[in-house]
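Okay, here's what each chain looks like letter by letter:
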Amino acid sequence: MSDALETQDPVTMLSTPIRLDYDFTAGVAQSRSLRGYAEGRFVGQRCPVCKKVYVPSRGSCPVDAVPTKEEVVLPNTATVTTFCVVNVPFAGQSIEIPYITASILLDGADITFMGLIQGIPADEVRMGLRVEAVWVPKEELGPTLASVKYFQPTGEPDREISTFREHL
Amino acid sequence: MNQRCAVIGIGQTHHKAKREDVSIAGMVREAARAALDDAGMDYGDIDAVVIGKAPDMFEGIMMPEHYLAGALGAVGKPMLRVHTAGSVGGSTAIVAAHLVATGIHKRVLTVAFEKQSDSDAMWALSVPQPFAAPLLAGAGGYFAPIIRAYINRSGAPNDVGMKVAVKDRLHALKNPYAHLQLPDIDLKMVEESIMLWDPLHYLESCPSSDGAAAMVIAAEDVATAQEKSTGRSAAWIHGMAMRSEPTMFAGRNQINPQAGRDCAKDVFAQAGVTNPRKELDCAEVYVPFSWYEPMWLENLGFCDEGDGWKLTDSGATSLDGGDIPWNCSGGVLSSNPIGASGMLRFLEAALQVRGMAGEHQVADASKALGHAYGGGSQFFAMWVVGSDRPA
Ligand SMILES: [Zn+2]
């Protein structure tokens, strides 16, 4: 061993970044919602048994285990059921911290999904806040939920928490 | 249950941020060796090995059970791998116990581990999903909104979570195996730690740990013989249950999931427990984020819905004078080798009823609950162990 190496600390661990590319098949039902994003709209499906509306559509109802075929186009307006202010940095993060992720309940939907909230100071976000989707410019729309840039407040009065308890 | 079975051997590593002195194989072997020594056995006495860990993506080793068969003396023996996300340590113990309770095997070694320093769990839990916005931010980012909803629904004062964070770290000071040893912990220290996932402070979250846990589970005749030869008592399994539910369905109660309620009901019915707060001496419950103590107090039926925070707030769950101490070992908030964290809960419950918990022993503990949950609160595993044989 050379003198130069002897003065170095021993190597106890090394990071070896790897990558994995894969093909993802969205399936018939999810593809409908994805095509909806490419057109700048939310497309869901209603269960024929419980009548609940799932967005994005998933092709079946997880409660009734029946196929869902009826398509429902949902509006841009929604309610923040609950949220979190993310202030933790991590590898691969693509949004500057702090940022707010919220459970978004689109008007007419029976399930929430995660969305980014902007256009309001972090300490003013609240459960029940009324928001609307802001889409990326038309030429940038694609078959991904990333076509929604963020949700911003509509200025309407908050929705009473008791009216959406079943979605928490 | 067809046949009585018991935990007769327990082993765990000293949980740490980085175990740079051992490989994963060396680490699991450390826990397994300790469990075998406690049981008065050797690898050759074992009929089968059941192993669990969190998703393979964490360390990036696919199906590590194959690589670990040699280290665990499982070559040529049945070996089973269990997958239930963060609850896996508990589910793994239950699968092992089922192999004994059903009479298939007499002596089963069960092991669970995580080597977080070899991995990046925060990254693994936040990988962008196809066609989705890249908003995932680790387990805390998933659970913090649910915690916010709990605080709103229950009307709990904002400092209850911080009280759990302090209590569990005080407990950890009595457990030499616990990763976090914070002798100066107090409410102020928690409050002044960075707000990672509002409403969760850094010190209200679990650490990243390297560690492994192991148990030897044996049939009644073997357990009785080993109790005589080793002079150490067994922890008898009085009930065990697992439940799951989908992470996403309309009307899902995310704060108080039905699968957890059903699982608790089942395990307590098997164990003949009608009032867990009164009839159990202590509980080891999977609390990776502070507020999950009051939430699971309600989910598991230790109190009525909405009252969990009152138990925590009153000190009822403290080893220092509480009537139903929770997480005397320091819990997941003090040591979190993810795959092993559930098994540590099961194992610590067993240590208590064997009277072998050392400084964090609850005096005369005769019945205890071990609990684990995982994923988006969709997997639950629980067992009740006792110092007496089940009826
Ligand atoms: Zn349905």
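This paragraph deals with the overall build of chain B. When helices and strands are tallied, chain B shows 13 helices and 11 strands. A compact globule built from 391 residues would reach a C-alpha radius of gyration of about 21 Å, and chain B, at 19 Å, matches this within 12%. Long-range contacts, defined as pairs at least 24 residues apart, comprise 78% of the intrachain contacts of chain B with a sequence gap of at least 6. About 13200 Å² of surface is accessible on chain B, with carbon and sulfur atoms providing 52% of the total. Charge-centre separation for chain B: the mean point of 32 positive side chains lies 4 Å from the mean point of 44 negative side chains.

Before going further, it helps to spend a moment on the sheet that holds strand 1 (residues 42-46) of chain A. Residues and elements named next belong to chain A. Pairing in this open sheet of 3 strands is antiparallel, and the strands run 2-1-3 from one edge to the other. One side of each edge strand has no neighbouring strand; the edge strands of this open sheet are strand 2 (53-54) and strand 3 (70-74). Sitting on the sheet, helix 2 (residues 28-38) is in contact with strand 1 and strand 3, with an inclination near 150° to strand 1.

Residue and element names in this part refer to chain B. Taken across its 9 residues, strand 4 (residues 107-115) has 8 buried, putting it largely inside the fold. Pairing of strand 2 (residues 48-53) with strand 4, which is carried by 6 bridges, proceeds in the parallel orientation. Note on strand 4: the bridge partner recorded for Val49 is Leu109. In this sheet, strand 7 (residues 210-219) lies alongside strand 4 in antiparallel orientation, the contact comprising 9 bridges. The partner of Lys115 across the bridge, within strand 7, is Asp210.

All names here are of chain B. Spatial strand order, 3-2-4-7-1-8-11-10-9: 9 strands in an open sheet with mixed pairing. In the strand order of this sheet, the two ends are held by strand 3 (79-82) and strand 9 (282-284), each with one partner. Taking the axes of each pair of neighbouring strands and ignoring which way they run, one obtains an average angle of 25° across the sheet.

All names here are of chain A. The protein atoms that coordinate the zinc ion are Cys47 (SG), Cys50 (SG), Cys61 (SG) and Asp64 (OD), at distances of 1.9 to 2.3 Å. Its 4 donor atoms give the zinc ion angles of 103 to 115° at the centre, a pattern that matches the tetrahedral case. For the zinc ion, all donor residues lie on one chain, and their spacing in sequence is C-x2-C-x10-C-x2-D. You can see Cys50 sitting in the loop between strand 1 and strand 2 and its partner Asp64 sitting in the loop between strand 2 and strand 3, a full 14 residues away along the chain.

All names here are of chain B. In this structure, Gly11 sits in strand 1 (residues 5-12). With 224 residues separating them along the chain, Gly11 and Ala235 place their C-alpha atoms 14 Å apart. Apart from residues lying up to four places away in sequence, Gly11 is in contact with Ala31, Ala34, Ala35, Ala212, Ala213, Ala214 and Leu347.

A word on the pattern of salt bridges. Residue and element names in this part refer to chain B. Taken as a whole and judged by the stated rule, the model has 36 salt bridges over all chains. Of the charged contacts in the structure, one is a salt bridge between Glu220 and Arg389, with a shortest N-O distance of 3.0 Å. In this pair, Glu220 is assigned in helix 8 (residues 220-230) and Arg389 in the segment after strand 11 (379-386), connecting sequence segments 169 residues apart. Relative accessible area serves as the criterion here: at 35%, Arg389 is assigned to the partly exposed category. Look at the salt bridges and you will find they share partners, linking Arg4, Glu220, Glu227 and Arg389 into a network.

Quick look at the packing of aromatic side chains now. All told, the structure shown has 21 aromatic pairs over all chains when counted by the stated rule. Ring geometry for Phe42 of chain A versus Phe151 of chain A: centroids 6.4 Å apart, planes at 15°, classification stacked. Note that Phe42 of chain A is positioned in strand 1 and Phe151 of chain A in strand 8 (residues 148-153), a separation of 109 residues in sequence. Looking at Phe42 of chain A, the relative accessible area reads 0%, which means it is buried. Here Tyr286 of chain B and Tyr373 of chain B contribute two aromatic rings whose centre-to-centre distance is 5.5 Å and whose plane-to-plane angle is 80°, an arrangement assigned as edge-to-face. Taken together, the residues span a long stretch of sequence, with Tyr286 of chain B in the loop between strand 9 and helix 11 (292-299) and Tyr373 of chain B in strand 10 (residues 367-374) at a distance of 87 residues. Side by side, Tyr286 of chain B and Tyr373 of chain B carry an identical accessibility label, which is buried. Members of the aromatic cluster, connected to one another through ring pairs, are Tyr142, Phe143, Trp197, Tyr286, Phe289, Tyr292, Trp296, Tyr373 and Phe380 of chain B. One residue, Arg148 of chain B, lies across the ring of Phe83 of chain A, its end atom 3.7 Å from the ring centre.

Residue and element names in this part refer to chain B. Looking at chain B, the domain boundaries give domain 1 (5-121 + 209-230) and domain 2 (135-207 + 239-386). When each unit is reduced to the centre of its C-alpha atoms, the spacing between domain 1 and domain 2 is 23 Å. With both sides pooled, the region where domain 1 packs onto domain 2 buries about 2700 Å², and carbon together with sulfur makes up 73% of that total. Ranking the residues of domain 1 by area buried against domain 2 places Gln12, His15 and Ile94 at the top, with a combined share of 21%. Linking Arg354 and Asp38 is a salt bridge whose minimum nitrogen-to-oxygen distance equals 2.8 Å. Our enumeration of links across domain 1 and domain 2 arrives at 12 residue pairs in polar contact (both at pLDDT 80 or more). Here the element with the most residues in the side of domain 1 that touches domain 2 is helix 3 (residues 88-101); it accounts for 11 residues. In the side of domain 1 that touches domain 2, the residues fall into 22 nonpolar, 18 polar and 5 charged.

Let's shift gears to the packing of helix 3 of chain B against helix 13 (residues 338-354) of chain B. Axes are the key here: two packed helices are described by the angle between their axes and the distance separating the axes. Residue and element names in this part refer to chain B. With their axes 5 Å apart at the nearest point, helix 3 and helix 13 run at an angle of 60° to one another. One way to sum up the angle between helix 3 and helix 13 is to call them oblique. Between helix 3 and helix 13, the residues in contact are Val88, Gly89, Gly90, Thr92, Ala93 and Ile94 and Gly339, Gly342, Met343 and Phe346, respectively. In terms of residue class, the contact of helix 3 with helix 13 is made up of 5 nonpolar, 5 polar and no charged.

Residue and element names in this part refer to chain B. The end-to-end C-alpha separation of helix 13 is 25 Å, in line with the 24 Å expected for 17 residues at 1.5 Å each. Within helix 13, the axis deviates most sharply at Leu344, by approximately 25°. Across the 17 residues that make up helix 13, a large majority, 17, are buried. Positioned one or two residues after helix 13, Gly355 has a phi angle of 75°, which is positive.

Our next topic: the interface of chain B and chain A. It is common to give the size of an interface as the accessible area that goes away when the parts come together. Taken together, the contact between chain B and chain A spans 35 residues of the former and 40 residues of the latter. Between chain B and chain A, a total of about 3200 Å² is buried, with carbon and sulfur atoms accounting for 65% of that surface. The interface formed by chain B and chain A holds 0 salt bridges in total. On the surface where chain B and chain A come into contact, there are 7 residue pairs in polar contact (both at pLDDT 80 or more). Elements with a minimum of two residues in the side of chain B that touches chain A: helix 4 (121-124), helix 5 (138-154) and strand 5 (195-198) of chain B. Take the side of chain B that touches chain A: its biggest share by element is 7 residues, from helix 5 of chain B. For the side of chain B that touches chain A, the class distribution of residues is 21 nonpolar, 7 polar and 7 charged.

Basis of the calculations
- Residues numbered from 1 in each chain as written.
- Chains lettered and ligands numbered in written order.
- Predicted model: local features only at pLDDT ≥ 70, side-chain atom pairs only at ≥ 80, totals over all residues.
- Heavy atoms only, no water.
- Helix = DSSP H or I, 4+ residues; strand = E, 2+ residues; numbered from the N terminus.
- Rg over C-alpha atoms; globule rule 2.2 N^0.38 Å.
- Contact = heavy atoms within 4.5 Å.
- Areas by Shrake-Rupley, 256 points an atom, 1.4 Å probe, with all protein chains shown as cover.
- Lys, Arg positive; Asp, Glu negative; His and termini not counted.
- Charge placed at Lys NZ, Arg CZ, Asp CG, Glu CD.
- Pairing = 2+ DSSP bridges.
- Axes fitted to C-alpha atoms, helices over the stretch in contact; angles between N-to-C directions.
- Buried < 20%, exposed > 50% of the residue type's maximum accessible area, 1.4 Å probe, protein only.
- Donors = N, O, S within 2.8 Å, 3.2 Å for Na, K, Ca; no water.
- Tetrahedral: all angles 85-135°; square planar, octahedral: opposite > 155°, others 65-115°.
- Salt bridge = Lys/Arg side-chain N within 4 Å of Asp/Glu carboxyl O.
- Phe/Tyr/Trp six-rings, centres within 6.5 Å; stacked < 30°, edge-to-face > 60°.
- Lys NZ or Arg CZ within 6 Å of the ring centre and 35° of its normal.
- Domains from an automatic or database assignment.
- Buried area = accessible area lost by both parts, 1.4 Å probe.
- Polar contact = N/O pair within 3.5 Å; in protein donor to acceptor, adjacent residues only side chain to side chain.
- Nonpolar A, V, L, I, M, F, W, Y, C, P; charged D, E, K, R; others polar.
- Parallel < 35°, antiparallel > 145°, perpendicular 65-115°, else oblique.
- Expected span 1.5 Å × (residues − 1).
- Bend = angle between axes of the 7 residues up to and from the residue.

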